[in-house]
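# Coordinate inspection notes
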Amino acid sequence: MKPAKTRQILTAPRSWRDMPMGDYFRDALTQQLQPYLGKLYGFHMLKIGSLSAEINTSQCAISHQVNVGIEGDELQVIANNTQLPFESKSVDACLLAHTLAWSQDPHRVLREVDRVLIDDGWMIISGFNPFSLLGISKGIPGLHSRAPWSGRMFSQVRLLDWLSLLNYEVVYRTRFQVVPWHRQGGRVISAHLPALGCLNIVVARKRTFPLTPTKMKKNLSQSQLRQTVNVTRQFREVKDQDST
């Protein structure tokens, strides 16, 4: 497995229109997100990256939404994804639509997003599936320098592992859109082969307590209970001897 951090200079597209079938990818992603955008609540939402800024999130109950990134037409705050100019635990939800695909250090981006999110805040991540038809075609000569093939493609399993280390609870995940069109049977193919979908979505919530108790804590509590019982028994034996 390749390391997450890379020295390669990655340039994210300014818009979905800058990649082939980009409009179809954007519309499919927006449609899949609608049921979960309606469940978000709070005061502030960040849409990180130029591609996130173009996702229609009008159905979200969070009214104050800010587009943040380095370069793009829809951005409202110009900032690096690894140095967000917001206070810790001040944001209720963050949307990273293909943000990690063009990040040199996705771990650092996730840690920075985790810093600004409140407890029980929402993180929504999307990206391209490396095991899809789109991911396989990345090996074709001449495509690696063009979007979307110029970006990095992380498997859903890898994303889940990263979120687990940050103590996030995944509430929804899916793959969809096997081919980037609906006509000529594209809708049928996408409906019956979701595992080969070229788009990934992961919706997770930030948790402040361990999702599973550690083995060390279990052993510690058991050993303390035994010691207390033994001490009580020894005290009673000594007391009985003194009375005789």
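Let us look at the structure shown here. (Residues numbered from 1 in each chain as written. Predicted model: local features only at pLDDT ≥ 70, side-chain atom pairs only at ≥ 80, totals over all residues. Heavy atoms only, no water.)

## A short note on the pattern of salt bridges
A side chain of one charge can pair with a side chain of the opposite charge when the charged atoms of the two come close. Definition in use: Only one rule defines a salt bridge in this text: a Lys or Arg side-chain nitrogen within 4 Å of an Asp or Glu carboxyl oxygen. Going along the chain from the N terminus, every DSSP run of H or I of four or more residues is numbered as a helix, and every run of E of two or more is numbered as a strand. Summary of the burial criterion: residues with accessible area below 20% of their type's maximum are buried, those above 50% are exposed, and those between are partly exposed, where the area comes from a 1.4 Å probe applied to protein chains only.
Evaluation of the coordinates by the stated rule reveals nine salt bridges. As a salt-bridge pair, Arg 14 and Glu 71 come within 3.0 Å of each other at their nearest N and O atoms. On the criterion of sequence distance, the pair formed by Arg 14 in the segment before helix 1 (22–37) and Glu 71 in the loop between strand 2 (64–69) and strand 3 (77–78) is long-range, its members being 57 residues apart. Residue class for Arg 14 comes out partly exposed when judged on its relative accessible area of 32%. Taking the shortest distance from any N to any O, the salt bridge between Arg 207 and Asp 120 comes out at 2.8 Å. Placement of the pair is Arg 207 in the loop between strand 7 (199–206) and helix 7 (215–243) and Asp 120 in strand 5 (residues 117–128), with a sequence separation of 87 residues. The exposure class assigned to Arg 207 is buried, which follows from its relative accessible area of 17%.

## A look at the pairing of strand 4 (residues 91–97)
Here is the rule: Strand pairing follows a simple DSSP-based rule, namely that at least 2 bridges must link the two strands. The handedness rule is simple: strands pointing away from the viewer, and a clockwise path from the first strand over the helix to the second, make the crossover right-handed.
Taking burial as the measure, the seven residues of strand 4 include seven buried ones, the bulk of the element. The pairing of strand 1 (residues 44–48) with strand 4 spans three bridges and is parallel. Along strand 4, the bridge assignment pairs Leu 46 with Cys 94. The sheet contact formed by strand 4 and strand 5 spans six bridges and is parallel. Its bridge partner being in strand 5, Ala 97 is matched across the sheet by Ser 126. Handedness of the crossover joining strand 4 and strand 5 through helix 3 (residues 106–116) is recorded here as right-handed.

## A closer look at the side chain of Asp 114
Rules: Contacts were defined at the residue level, with two residues in contact if any of their heavy atoms lie within 4.5 Å.
Along the chain, Asp 114 falls in helix 3. Look past the residues within four positions of Asp 114 in its chain and what remains in contact with it is Leu 166, Tyr 168 and Lys 206.

## Topic: the nonpolar core
Formally: Among buried residues, the Ala, Val, Leu, Ile, Met, Phe, Trp, Tyr and Cys ones that are joined through side-chain atoms within 4.5 Å form a nonpolar core.
Core analysis: the largest hydrophobic core is formed by 34 residues, its most contacted members being Met 19, Phe 25, Leu 29, Leu 33, Leu 40, Trp 102 and Phe 128. When residues of this core are traced back to their parent elements, those giving at least two are helix 1, strand 4, strand 5, strand 6 (168–176) and strand 7. When residues in this core are grouped by element, the largest group, six residues, is from helix 1. Apart from the residues lying within four places of it in its own chain, the contact partners of Met 19 are Pro 13, Phe 25, Leu 51, Trp 102, Phe 128, Ala 147 and Pro 148.

## Details of helix 1
Our working rule: In this scheme, a helix's expected span is set at 1.5 Å multiplied by one less than its residue total. Bend is the name given here to the angle between axes fitted to two runs of seven residues, the run ending at a residue and the run starting at it.
Its 16 residues give helix 1 an end-to-end C-alpha distance of 21 Å, which sits within 8% of 22 Å, the value for a rise of 1.5 Å per residue. By the largest-angle criterion, Gln 31 marks the main kink of helix 1, which is about 25 degrees, and a proline, Pro 35, follows within four residues. Listed as buried for helix 1 are Gly 22, Phe 25, Arg 26, Ala 28, Leu 29, Thr 30, Leu 33, Tyr 36 and Leu 37.

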